[in-house]
Every structure is written in C-alpha cells, then in structure tokens.
Amino acid sequence: MLRRLLRAVLVGPEAPQLRRFFLVGALAAGFQTALLGTLVEWGRIQYLLAAVVSIEITIILQYGVNNHWTFHASRHHGWREYARGLLRTNVVRGTAIPIQVGVLYALVSTAAIPYLIANGVGIVVSGIYRYVLDSRWTWQ
C-alpha cells in the first residue's frame, strides 16, 4: 500500500493534486499543532478540547486553500457552491476528528507521548482517510 501511494504521488494521474493536498496538509498540520500548543499552554484549555478547536479552525483554512489551489480544476465558485463544499469537507474531516483525537488520547494516556507529538501521529493516521473522501466527494 505504501509503495502504491508513493508511486501515485510521483507518477500517477492524480500526482500533482495529491502533492498539493499533502503540501497543504503539512502546512496545516504545523499550523494546527502550533494552535493546539498555544491553546493548551497559554489558553490553559484541556488538550483534547483544544485539539478539537484547533482541528476545526484548520478545517476551515484548509478548505479555502484546497478549493483555490489543490482542486482548482473542480473549484467551488459562488457562495452557495462554496458553502456546500465547506459543509461537505466539514462532514469528511469532522468524521476524521474522532480518529485523530482518539489516536492523540491513546498515545498520551497509554504511552505517555507528549500531546503535540501524539497530535502529529493522529494527523498522519487520519490524513489518508481525509484525502480519499475529500477528493472523491467534496470536489467530485
């Protein structure tokens, strides 16, 4: 599976789109992690609640960038189409929140991994799921 994914990123028909999606995701992961750390350390918000808040803010930002750049060929134009796409990506990514937060909680509580590192693992685990659903449903 990993070999197939790497081949798709390098030479497959969806390679440019997949690379853009991963780049946007990597930048968003950095933003989300920084926001999570800020909410926990400075805002004194419990890390699981802060994770959900930082994920949702990142979902909205990622949708805008992905709509404009990653999926530009099937981009959503106009208020109604944009709002419908934002709702769809929230459904897709919203269903990934339990995956990401579950991984975060499991790693922090059972393996004593620091929450920011565990969050990164959760992002990676839920990332493939999000790409498949976003590319097949949100920007169909």
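Here the structure is a predicted model, which means the values were calculated and not measured. (Residues numbered from 1 in each chain as written. Predicted model: local features only at pLDDT ≥ 70, side-chain atom pairs only at ≥ 80, totals over all residues. Heavy atoms only, no water.)

1. Things to note about empty space enclosed by the protein
Across all of its chains, the model carries one cavity of 30 Å³ or more by this definition. Within this model, the largest cavity holds a volume of roughly 110 Å³. Where the lining of the largest cavity is concerned, the elements lending two or more residues are helix H2 (15-41), helix H3 (47-70), helix H4 (79-111) and helix H5 (115-138). For the lining of the largest cavity, a count of residues per class yields seven nonpolar, six polar and two charged. Mapping the lining of the largest cavity onto the domain boundaries places at least three of its residues in each of domain 1 (1-75) and domain 2 (79-139). (1 Å grid on protein atoms, 1.4 Å probe; cavity = no way out; pocket = protein on both sides within 12 Å on 5 of 7 lines; lining within 4 Å. Points joined across faces, edges and corners; volume = space filled by probe spheres on them. Helix = DSSP H or I, 4+ residues; strand = E, 2+ residues; numbered from the N terminus. Nonpolar A, V, L, I, M, F, W, Y, C, P; charged D, E, K, R; others polar. Domains from an automatic or database assignment.)

2. With respect to the packing of H3 against H4
Direction vectors running N to C along H3 and H4 enclose 145 degrees, while the axes themselves pass 9 Å from each other. Judged by the twist between their axes, the crossing of H3 over H4 is right-handed. (Axes fitted to C-alpha atoms, helices over the stretch in contact; angles between N-to-C directions. Left-handed = near helix turned anticlockwise from the far one by under 90°.)

3. What about the packing of aromatic side chains?
The full count for this structure, using the stated rule, is four aromatic pairs. Relative to Phe22, the ring of Phe21 has its centre 6.4 Å away and its plane inclined at 70 degrees; by these criteria the two rings are edge-to-face. Residue Phe21 is classed as buried on the basis of its relative accessible area, which comes to 5%. Exposure remark for Phe22: the relative accessible area of 33% places this residue in the partly exposed category. Seen from their ring centres, Tyr63 and Tyr82 are 4.8 Å apart, and the 65 degrees between their planes marks the pair as edge-to-face. With Tyr63 in helix H3 and Tyr82 in helix H4, this residue pair connects regions lying 19 residues apart in the sequence. Assessed through its relative accessible area of 1%, Tyr63 is described here as buried. The partly exposed category is assigned to Tyr82, whose relative accessible area is 27%. Members of the aromatic cluster, each reached through a chain of ring pairs, are Phe21, Phe22 and Phe71. (Phe/Tyr/Trp six-rings, centres within 6.5 Å; stacked < 30°, edge-to-face > 60°. Buried < 20%, exposed > 50% of the residue type's maximum accessible area, 1.4 Å probe, protein only.)

4. Focus: a nonpolar patch on the surface
On the surface, a cluster of nonpolar side chains totalling about 590 Å² of accessible area is made up of Ile99, Ile117, Val121, Val125, Ile128, Tyr129, Val132 and Leu133. With seven residues, the top contributor of residues to the nonpolar patch is H5. (Patch = residues over 30% accessible without salt bridge, like charges linked within 9 Å, V, L, I, M, F, W, Y side chains within 5 Å. Areas by Shrake-Rupley, 256 points an atom, 1.4 Å probe, with all protein chains shown as cover. Salt bridge = Lys/Arg side-chain N within 4 Å of Asp/Glu carboxyl O.)

5. Concerning the packing of H2 against H3
Relative orientation of the contacting elements H2 and H3 amounts to 150 degrees, with a least axis distance of 8 Å. Between H2 and H3, the interaxial angle falls into the category roughly antiparallel. Taken as a pair, H2 and H3 cross one another with a handedness that is right-handed. (Parallel < 35°, antiparallel > 145°, perpendicular 65-115°, else oblique.)

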